[in-house]
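A structural walkthrough
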Amino acid sequence: MSGNQSLLNGTTIGVLGGGQLGRMLAQAVKRLGGRIQVFEPQASCPASAVADKTVTAPYEDIAALSAFARECDVITYEFENVPAAPLRAIENLTRLRPHWRVLETAQNRSREKNWLKQNGFPHARFAEVAAGGDLIGGIGEVGVPCVVKTADFGYDGKGQFKVMSESDIPEAAQRFAGQPVVIEQYVDFSCEVSVVVARSENGETAVFPVSENIHTNHILDFSIVPARLPAVVTAAAEKMAREVAEKIDLVGVLGVEFFVTKSGAVLINELAPRTHNSGHYTMDACVTSQFEQQARAICGRPLGAVTLNSPVVMVNILGDAWAKGEPNWPALQAHPGTHLHLYGKSEARPGRKMGHFNVLATDADTALLLAKTGKQLLRAEPAGEGPGRA
Ligand code: AMP
């Protein structure tokens, strides 16, 4: 069957988590001729509409997880807060990529920061305070301004609080009472960037181009590629991402988030051992998408080219776009260079990621202008209809 065999023919991939990242992985796997099964605690998840099979059960249900594992050639995860313990329990039943130890390190801010420190990666200075420990002492150790973050279950700014002056300390003490936290020095960054790196079992690595990220209310709003930064800065981020992948013994893909300081230093903020929101631009602008790359890396196939075909800006579409009714899709779709991706979620809540669009243009600044207009168009009244659109 050599020659015309599809890239993933005959392979069954299992994904833990059925959100949009699982859905887009499923789309990539299906396109390559593979099979995909989803394990997700909540019924009717975005990935289930695309997957060959969905198992609805809690991650702690070892019997269900074991049966799932036996049906899959390889398992990955798309959600950082999958508990590591059940994964340890199934590790002899199938291949889990990345290894549960990578997930365990990245899903807890204390372990993540300590890993960065022990492996010599630049990061914001930090202190750890155990549950019921001396939070005020920890803040004193790091100094004000600082950011207090819960050690577990943090993403998109959830579970964090900025202490910008001494007067914010009582509120921090009250909010985090009894919880283990990490207190980080506040980084007065000039911008935030991120990188998606892939690594396969044989040690081959590939780093997608650096994305410059603009957040609004702690949630990614725009990703701009190529990042409008000096080459030394982007090269430093790419090099660090590759080194992280090697040192953590990654098999799969990993998103690395960075702060770029005003003096051009690059600090690692966070690691996410999965595809990353800021890597969605690869779906329309790169030779290989981050989802195809994830499938290739975990299945032991050669990694795809990470070449950027066109400057691009990715825009997240949040549930807020539904505030006045259904967004104006025809207006967005008529917009030049625009590629729309929706996640099939039925309920639009403020802050919920419902989809994204990529805008391709001849340069990053033009793409950003078009992206901003595209975002406004979503809220434009359709021609011929008055206000009060439901
Ligand atoms: P995180 O959930 O840790 O990725 O944080 C979400 C966002 O909060 C980041 O993308 C930054 O915009 C901001 N942030 C987090 N940590 C810090 C810090 N130490 N200094 C300044 N801003 C931060």
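Heads up: the structure comes first, above all this text.
So, here is what we can say about the structure in this document. (Residues numbered from 1 in each chain as written. Predicted model: local features only at pLDDT ≥ 70, side-chain atom pairs only at ≥ 80, totals over all residues. Heavy atoms only, no water.)

All right, on to the overall build of the protein then. Along its length, the protein carries twelve helices and 18 strands. In terms of C-alpha radius of gyration, the protein reaches 21 Å, essentially the compact-globule figure of 21 Å for 390 residues. Here the C-alpha coordinates of the protein stretch approximately 65 × 60 × 45 Å along the principal axes. Considering the protein as a whole, with its 390 residues, one finds that 56% of them fall into the buried category. For the protein, restricting intrachain contacts to residue pairs at least 6 apart in sequence, the fraction spanning at least 24 positions comes to 62%. Carbon together with sulfur atoms contributes 51% to the accessible area of the protein, which is approximately 16300 Å² in total. (Helix = DSSP H or I, 4+ residues; strand = E, 2+ residues; numbered from the N terminus. Rg over C-alpha atoms; globule rule 2.2 N^0.38 Å. Buried < 20%, exposed > 50% of the residue type's maximum accessible area, 1.4 Å probe, protein only. Contact = heavy atoms within 4.5 Å. Areas by Shrake-Rupley, 256 points an atom, 1.4 Å probe, with all protein chains shown as cover.)

Now for the sheet that holds strand 3 (residues 53-56). Strand order in this open sheet of five strands is 3-2-1-4-5, and the pairing throughout is parallel. Each edge of the open sheet is held by one strand with a lone partner, namely strand 3 and strand 5 (95-96). In terms of strand pairing, strand 1 (residues 12-16) meets strand 4 (residues 74-77) through four bridges, oriented parallel. Of the residues in strand 4, the one forming a bridge with V15 is T76. Running over the sheet, helix 10 (residues 290-298) touches strand 1, strand 4 and strand 5 and is turned about 140 degrees from strand 4. (Pairing = 2+ DSSP bridges. Axes fitted to C-alpha atoms, helices over the stretch in contact; angles between N-to-C directions.)

This part covers the site of the ligand. The environment of the ligand is formed by 18 residues, the closest being K149, Q160, E184, V187 and E192. Measuring from a nitrogen atom of the ligand, one finds a side-chain N or O atom of E184 at 2.9 Å. E270 places a polar side-chain atom, nitrogen or oxygen, 3.1 Å from an oxygen atom of the ligand. Broken down by secondary-structure element, the contributors of at least two residues to the shell around the ligand are strand 7 (146-150), strand 9 (181-185), strand 10 (189-199), strand 14 (252-261) and strand 15 (266-272). By residue class, the composition of the shell around the ligand is five nonpolar, six polar and seven charged. (Near = heavy atom within 4 Å. Polar contact = N/O pair within 3.5 Å; in protein donor to acceptor, adjacent residues only side chain to side chain. Nonpolar A, V, L, I, M, F, W, Y, C, P; charged D, E, K, R; others polar.)

On to the pairing of strand 14. Within strand 14, ten of the ten residues are buried, which leaves the element mostly enclosed by the surrounding structure. Strand direction decides the pairing type here: strand 10 and strand 14, joined by ten bridges, are antiparallel. Within the sheet, the bridge partner assigned to R199 lies in strand 14 and is G252. Pairing between strand 14 and strand 15: six bridges, direction antiparallel. The residue bridging V260 from the neighbouring strand is V266, located in strand 15.

Attention now goes to the packing of aromatic side chains. All told, the structure shown has five aromatic pairs when counted by the stated rule. A ring pair is formed by F39 and F68, whose centres lie 5.3 Å apart and whose planes are at 70 degrees; its orientation type is edge-to-face. Taken together, the residues span a long stretch of sequence, with F39 in strand 2 (residues 35-40) and F68 in helix 2 (residues 62-71) at a distance of 29 residues. Between F189 and F259 the ring centres are 5.1 Å apart and the planes differ by 5 degrees, which places this aromatic pair in the stacked class. A residue pair is termed long-range when its members are at least 10 positions apart, and F189 in strand 10 and F259 in strand 14 qualify at 70 residues. Relative accessible area serves as the criterion here: at 31%, F189 is assigned to the partly exposed category. (Phe/Tyr/Trp six-rings, centres within 6.5 Å; stacked < 30°, edge-to-face > 60°.)

So, on to the pattern of salt bridges. Evaluated as defined, the whole model comprises 19 salt bridges. With a closest N to O distance of 2.8 Å, E71 and K53 form a salt bridge. On the criterion of sequence distance, the pair formed by E71 in helix 2 and K53 in strand 3 is long-range, its members being 18 residues apart. Here R109 and E270 are joined by a salt bridge, their closest N and O atoms 3.2 Å apart. One end of the pair, R109, is in helix 5 (residues 109-118); the other, E270, is in strand 15, and 161 residues separate them in sequence. Each of the two residues, R109 as well as E270, counts as buried. Residues joined by salt bridges that share partners form a network here, namely K30, R35 and D52. (Salt bridge = Lys/Arg side-chain N within 4 Å of Asp/Glu carboxyl O.)

Counting buried residues in helix 10 gives nine out of nine residues, a clear majority hidden from the surface. Where helix 10 is concerned, the buried positions are Q290, F291, E292, Q293, Q294, A295, R296, A297 and I298. Positive phi shows up at G300, right after helix 10, with a value of about 70 degrees.

Bear in mind that shape data such as this cannot, by itself, settle questions of function.
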